[in-house]
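Below, each chain spelled out in residue letters.
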Amino acid sequence: MKTLFVGGGHGCRAILELIVQGKLEVLSPEIAGVVDPSEGAPGMVYARQKGWPTFPSVQEGLSLDGLELVIEVTGDDDVLETIRRLAPEGVRIWDHDMARVFWDLD
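Now for a look at the structure at hand. (Residues numbered from 1 in each chain as written. Predicted model: local features only at pLDDT ≥ 70, side-chain atom pairs only at ≥ 80, totals over all residues. Heavy atoms only, no water.)

Membership of the largest hydrophobic core comes to 18 residues, with the highest contact counts inside it found for Phe5, Leu16 and Val34. If you list the elements that add at least two residues to this core, you get α1 (10–20), β2 (30–35), α2 (42–50) and β4 (69–72). Counting residues per element, this core draws most heavily on α1, at five residues. Those residues in contact with Phe5, other than ones at most four positions away along the chain, are Cys12, Ile15, Leu16, Ile19, Ile31, Gly33, Val34, Val35 and Ile71. (Core = buried A, V, L, I, M, F, W, Y, C linked by side-chain atoms within 4.5 Å. Buried < 20%, exposed > 50% of the residue type's maximum accessible area, 1.4 Å probe, protein only. Helix = DSSP H or I, 4+ residues; strand = E, 2+ residues; numbered from the N terminus. Contact = heavy atoms within 4.5 Å.)

Pasting the structure below:
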């Protein structure tokens, strides 16, 4: 499932590391990219190290072709509302509360 992460903080990095370690095979996410306005955010740095695309804005990330899932890990309701408003039709959105399932699977 082609997945975009919005919010490149420590939570994002932790989920990306779980994916790399093969601990989330049940979901089989394909990392489409990570969005954060801060280039130095831990998830952004890790994504670049792994060769995944990074984007400074939600709009840029949501422009990816074939996007299937957006996982919002900022915890900011305004960011979540922006995603809901701009996401292409048919793209699933998991908010930061739903993203906690990753830690439960681990």
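Now that the structure has been shown, we can carry on.
Glancing now at a negative patch on the surface. A cluster of like negative charges, contributed by Asp76, Asp77, Asp78 and Glu81, occupies part of the molecular surface. You can call Glu81 partly exposed: its relative accessible area is 43%. (Patch = residues over 30% accessible without salt bridge, like charges linked within 9 Å, V, L, I, M, F, W, Y side chains within 5 Å. Areas by Shrake-Rupley, 256 points an atom, 1.4 Å probe, with all protein chains shown as cover. Salt bridge = Lys/Arg side-chain N within 4 Å of Asp/Glu carboxyl O. Lys, Arg positive; Asp, Glu negative; His and termini not counted. Charge placed at Lys NZ, Arg CZ, Asp CG, Glu CD.)

Our next topic: the sheet that holds strand β5 (residues 92–94). Taken together, the five strands give an open sheet; going across it, the order is β3-β2-β1-β4-β5, and neighbouring strands pair in parallel fashion. Since the sheet does not close on itself, it has two edges, and those belong to β3 (54–55) and β5, each with one partner. By the bridge criterion, three bridges tie β4 to β5 in an arrangement that is parallel. If you follow Leu69 over to β5, its bridge partner there is Arg92. Contacts from helix α4 (residues 77–86) reach β1 (2–6), β4 and β5, with the element oriented near 170° to β4. (Pairing = 2+ DSSP bridges. Axes fitted to C-alpha atoms, helices over the stretch in contact; angles between N-to-C directions.)

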